[in-house]
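# Structural overview
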Amino acid sequence: MTKKGFTLVELMVVIGVLSIIMLTISQPVASVIKYQRESQIPDNMRDNLQFVINKMEKELKTSSNVSINGGTLTFEDQNGGLVKYSIVDNEIRKNDNTKLTDKTIFKVIDLKFSENITTNLTTIIIKAQSLDNKDNVTMQFSVLPLND
Amino acid sequence: MKTQKGATLVGSLVAITILSTTLVSILNLQESIIRSKFFLQYDNTANLLVAEGLEIVRSIYNIRTNSNFPNQAQEVKYQVDYTTSTLNNVSNCTDTSINNSCDMDINSTGAYAISTASTGNRIFYRFITIQDSNTIPLVTSTVIVRNPKDGSLRVYKATIKLYKID
C-alpha cells in the first residue's frame, strides 16, 4: 500500500506561506496588546477623577459659605459640618485625612478652585499624571449651589 | 492496493489564504475598535464639559438682566466659559460642522475655556443653544470632540429647561 503525502518542497512552501502570514498578523496583535496595556492606567485615572468631581459636585450643590484659597476649598455641608478639599502630597484629600486618590496609582499634579463672584459659579480643575509621566488628564467642572 | 488521498498543495494554500484573510479581518476590526478609544479617553471630560455648559447658563440666568440673557423664541447659539457672565453669539457651529468660533482650549490657568487663538487644531468644541428664552428657556449644551488625526467627530449633548424661580 502506497501512502501519498506532501513532498518536502510542498511542505516548505506551506511553512513559508504560514510564516509570512504569522509575521503579518503579529503586527496588529502586538499593537492591540500594547494599546490595551497602555490605556488601562489612564482609564483608571479618568474614572477616579470623575468620581472625585461627582462627589465634590454633589456636596457643593447643597453647600453654603464656600471659601476658596488656591488649591483648598472649604464649605459647610447641608448638615452644617465643615468640609475641606485640598491637594496633599499629590493626592486629593477630604478633611486632610480621607484620600480620594492614590499616588501609587497616579499623581494629582494640580488642584484649583475658582469662583465667579458675579454668578457664584465654583469651578474645579484637576490635573493628573500617570506614574510614567506619559499620560496627562485635565478634568473640569463648574457647580452652582442650588440655593443661589 | 489502496491509495489514500491527502490535501493537494493548491487546496492547502487556498485554505490557509481563507483562514489568514479571516484572521486579518478580525484583527483589523479589533484594532479599529481600539482606535475608537480616542473618543473614549475624552468621554469623561466631554460629559463634564456638557454639564458645565448647562451650569454656566443656569448661573447667568439666575442673575439675568435685560441685556445679558436673550429674550426671543427662536433658537440662538452661544459660546460660554466658566470665566464669563455673558453669552457670546456664535455661528456656523453644528453637530456635523465646527469651526474656530466654538473651540475650547486650555487657558493660562489650566482650565478649558473659550479659545482666544484664531486658528488651531482643537479637540473640544462647545456651543450652547437657547430656545424660547422669552418664556421657559430650553437650553442645550453640545460638546463635540474632534479627532485631529482624521477629523472624525463625536457629539455629546444635554438639555434642560430653566424654570423661573423668581
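For the structure, check the block above.
These notes cover the structure that comes with them. (Residues numbered from 1 in each chain as written. Chains lettered and ligands numbered in written order. Predicted model: local features only at pLDDT ≥ 70, side-chain atom pairs only at ≥ 80, totals over all residues. Heavy atoms only, no water.)

A separate point is the interface of chain A and chain B. With 44 residues of chain A in contact, the opposing surface of chain B contributes 42 residues. At the boundary of chain A with chain B, total buried surface from both sides reaches about 3,700 Å², with 62% on carbon and sulfur atoms. Those elements that place two or more of their residues in the side of chain A that touches chain B are α1 (8-61), β6 (106-116), β7 (121-130) and β8 (136-143) of chain A. The element contributing the most residues to the side of chain A that touches chain B is α1 of chain A, with 21 residues. (Contact = heavy atoms within 4.5 Å. Buried area = accessible area lost by both parts, 1.4 Å probe. Helix = DSSP H or I, 4+ residues; strand = E, 2+ residues; numbered from the N terminus.)

The next subject is the pattern of salt bridges. Residues and elements named next belong to chain A. Per the counting criterion, the structure on display carries 14 salt bridges over all chains. Between Lys 55 and Glu 59 there is a salt bridge, with its nearest N and O atoms 3.8 Å apart. Of the two residues, Lys 55 and Glu 59 both sit in helix α1, four residues apart, roughly one turn of that helix. Classification of Lys 55 as partly exposed rests on a relative accessible area of 26%. (Salt bridge = Lys/Arg side-chain N within 4 Å of Asp/Glu carboxyl O. Buried < 20%, exposed > 50% of the residue type's maximum accessible area, 1.4 Å probe, protein only.)

By size, the foremost hydrophobic cluster in this structure holds 24 residues, and its most contacted members are Leu 49, Met 56, Tyr 85, Ile 92, Ile 124 and Ile 126 of chain A. When residues of this core are traced back to their parent elements, those giving at least two are α1, β2 (72-76), β3 (82-88), β6, β7 and β8 of chain A. Ranked by the residues each element gives to this core, the list is headed by α1 of chain A, at six residues. Every residue in contact with Ile 126 of chain A, bar those within four places of it in the chain, is listed here: Leu 49, Val 52, Ile 53, Ile 92, Val 108, Asp 110, Leu 111, Val 137, Thr 138 and Met 139 of chain A. Judged by nonpolar contacts, the second largest core, of 20 residues, contains Leu 121 of chain A together with Tyr 61, Ala 111 and Ile 130 of chain B. (Core = buried A, V, L, I, M, F, W, Y, C linked by side-chain atoms within 4.5 Å.)

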